[in-house]
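# Coordinates in review
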Amino acid sequence: MSSHGIRDRVAIVGMGCTPFGEHWTRSADDLLVDAVGEAVTSAGITLDDIDAFWLGTQASGVSGLTLSRPLHLPYKPVTRLENMCATGSEALRNACYAVASGAYDVVMAVGVEKLKDSGMSGLSGTTMPGAGDDSRGEITAPANFSLLAPAYAAKYGLAEEELKDVITRIAWKNHMNGARNPRAQFRKEVPLERIRSAPIIAGMLGVFDCSGVSDGSAAAIVVRAEDAYKYTDKPIFVKALSFVAGPADGLLDPEYDFTTFPEVVVSAQEAYRQAGITDPRAELALAEVHDCFTPTELVLMEDLGFSERGQAWKDVTSGAFDLDGSLPVNPDGGLKAFGHPIGASGLRMMFEAWLQLRGEAPPDRTVGSVAEGRSLALTHNLGGGPGECVSFVSVVGSELTD
């Protein structure tokens, strides 16, 4: 057993999230202040009530001073951390375990990133480690993830043009959802043919198959479950937190075929064990997943157990993961439409679970499965690439387990 878990021992009682996008006139400090301010207001507390903070950012500041300075915090513990694109999720995981341990009563997890001022596109500030002998060639993130598409087509007998239609529909779905989200970076529906015929970035990936490069911040306030109703009448209880780092040997393993993220499989199975989930497709109300590129979302549907192996493309085509489908995936637009400021993305996913499970999502973006009685949501975040990544899976719910 890799973790005993902390099922129903902590709860999220307040959240905040800025709009994601190109905030040329807003600094990382400004974004932090906005997200933190919204979170404390939603919980009905002040900054003085928070015992400790966990700040996730990849390249928008070093040390806890990145948060304490703009918030003028009076000598509170602030831990700054980073775990590639799963940085925001890692901040939340650490904050939850700090409360569950009894060390603190009220804590905050916050993530932030300013990417649009960096002078480059995509990730900033770090590079993936190599094998130590210069054997690892340079490859862009779109090129790396584009390898998933032809591998999936070859393994499951799809023509590449047929698979192109599948990933095009994933982008179409997420833009459809993002168009209904006032905080999303891209808030327009995009026709299927425009997506399909967009300029190619790498392999069969076009412009609309790649997530946005964004600025943004999100924050969550965590307390013990028994204290949750002191702050809100609609807390969200943490059912599972699973984080794994893989051995990063996929690119050296002749058996690795680019149709799965083994780290995701392991972290999902562990999260389901902690939460007591046996049929995620039937039990979850919604899922927020790391759709950095459209083939990633396709593969994740199988790694997370939402589809049988080789069947996710059929489920995508049938609309199973649409807003009105049997399991809505990325109802807020996902990384694709909401945007992807590295340190904030994991907490942004949790913000959508917070809205949906509390019945506070806009009516034209509300998932029907909550009204039908489902009360669980999943968030998934990964960092790295095919064959070498870290993976986070959480399960949260609006009800305490009997």
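Residues numbered from 1 in each chain as written. Predicted model: local features only at pLDDT ≥ 70, side-chain atom pairs only at ≥ 80, totals over all residues. Heavy atoms only, no water.

Let us look at the overall build of the chain. On a plain count of helices and strands, the chain comes out with 14 helices and 11 strands. In terms of overall dimensions, the chain is globule-like: its C-alpha atoms have a radius of gyration of 20 Å, near the 21 Å expected for 402 residues. For the chain, the spread of C-alpha atoms along the three principal axes comes to 60 × 45 × 45 Å. Buried residues in the chain amount to 60% of all 402 residues. Restricting to contacts in the chain with at least 6 residues of sequence separation, those with at least 24 account for 79%. When the accessible surface of the chain is summed, it comes to about 15300 Å², and 52% of that surface belongs to carbon and sulfur atoms. Taking the 33 positively charged and 53 negatively charged side chains of the chain as two groups, their mean positions are separated by 4 Å. (Helix = DSSP H or I, 4+ residues; strand = E, 2+ residues; numbered from the N terminus. Rg over C-alpha atoms; globule rule 2.2 N^0.38 Å. Buried < 20%, exposed > 50% of the residue type's maximum accessible area, 1.4 Å probe, protein only. Contact = heavy atoms within 4.5 Å. Areas by Shrake-Rupley, 256 points an atom, 1.4 Å probe, with all protein chains shown as cover. Lys, Arg positive; Asp, Glu negative; His and termini not counted. Charge placed at Lys NZ, Arg CZ, Asp CG, Glu CD.)

Positionally, S394 belongs in strand β11 (residues 388-397). On the basis of relative accessible area, S394 is assigned to the buried category, the value being 0%. Polar side-chain contacts of S394 include one of 2.6 Å to the side chain of T379. Once residues within four sequence positions are removed from consideration, S394 is found in contact with A240, L241, M350, A377, L378 and T379. (Polar contact = N/O pair within 3.5 Å; in protein donor to acceptor, adjacent residues only side chain to side chain.)

Another point: the UniProt feature "domain: Thiolase C-terminal" (unreviewed entry) in the chain. On the UniProt side, "domain: Thiolase C-terminal" (unreviewed entry) is annotated at positions that read residues 257-384 here. For residues 257-384, helix accounts for 45% and strand for 11%, while the C-alpha atoms at its two ends are 17 Å apart. (UniProt positions renumbered as here; feature names shortened; annotations may be inferred.)

The next thing to look at is the sheet that holds strand β9 (residues 284-288). Taken in spatial order, the nine strands line up as β3-β2-β4-β7-β1-β8-β11-β10-β9 in an open sheet, and their pairing is mixed. At either end of the open sheet lies a strand with only one pairing partner, and these are β3 (78-81) and β9. Averaged over all pairs of adjacent strands, the angle between their axes in this sheet comes to 25 degrees, without regard to strand direction. Strand direction decides the pairing type here: strand β1 (residues 10-17) and strand β8 (residues 236-245), joined by two bridges, are antiparallel. Looking across to β8, one finds that A11 is bridged to F237. Running at roughly 150 degrees to β8, helix α8 (residues 262-275) makes contact with β8, β10 (376-385) and β11 of the sheet. (Pairing = 2+ DSSP bridges. Axes fitted to C-alpha atoms, helices over the stretch in contact; angles between N-to-C directions.)

Turning next to the packing of aromatic side chains. Evaluated as defined, the whole model comprises eight aromatic pairs. Three or more aromatic residues joined by ring pairs form one cluster here, namely F145, F261 and F293. For the cation-ring pair, R358 lies above W354, with the distance from its terminal atom to the ring centre recorded as 3.8 Å. (Phe/Tyr/Trp six-rings, centres within 6.5 Å; stacked < 30°, edge-to-face > 60°. Lys NZ or Arg CZ within 6 Å of the ring centre and 35° of its normal.)

All right, on to the nonpolar core then. If you look at the biggest cluster of nonpolar residues, it comprises 50 residues, and the most contacted ones within it are F261, L298, L304 and F306. In this structure, L298 is in contact with Y152, L163, V166, I170, A312, W313 and V316, ignoring residues within four places of it in sequence. Of all hydrophobic cores here, the second largest spans 46 residues; its members include M15, C96, A98 and M350. (Core = buried A, V, L, I, M, F, W, Y, C linked by side-chain atoms within 4.5 Å.)

Before going further, it helps to examine the pattern of salt bridges. According to the stated counting rule, one finds 26 salt bridges in the structure shown. The partner of D105 in a salt bridge is R224, with the nearest N and O atoms 2.5 Å apart. With D105 in the loop between α3 (87-100) and β4 (106-114) and R224 in strand β7 (residues 215-224), this pair connects stretches of sequence that are 119 residues apart. Overall, the relative accessible area of 37% leaves D105 in the partly exposed class. For E161, the salt bridge identified is with R196, shortest N-O distance 2.8 Å. (Salt bridge = Lys/Arg side-chain N within 4 Å of Asp/Glu carboxyl O.)

Turning our eyes to something else, we now look at α3. Under the 1.5 Å per step criterion, the end-to-end length of α3 is 20 Å for 14 residues, consistent within 8% with the ideal 20 Å. Counting buried positions along α3 yields 11 of 14 residues, so the element is predominantly enclosed. Among the residues of α3, T87, G88, S89, E90, A91, L92, A95, C96, A98, V99 and A100 are the ones counted as buried. Where α3 ends, the next residue or the one after it, G102, has phi of about 90 degrees, a positive value. (Expected span 1.5 Å × (residues − 1).)

When two helices pack together, their arrangement is given by the angle between the helix axes and the distance between those axes. Following both chains from N to C, one finds α3 and helix α13 (residues 345-357) inclined at 70 degrees, their axes separated by 5 Å at the closest point. Judged on the interaxial angle alone, α13 and α3 are roughly perpendicular. Facing α3, whose interface residues are G88, S89 and L92, α13 presents G346, L347 and M350. Considering only residue class, the contact of α3 with α13 consists of three nonpolar, three polar and no charged. (Parallel < 35°, antiparallel > 145°, perpendicular 65-115°, else oblique. Nonpolar A, V, L, I, M, F, W, Y, C, P; charged D, E, K, R; others polar.)

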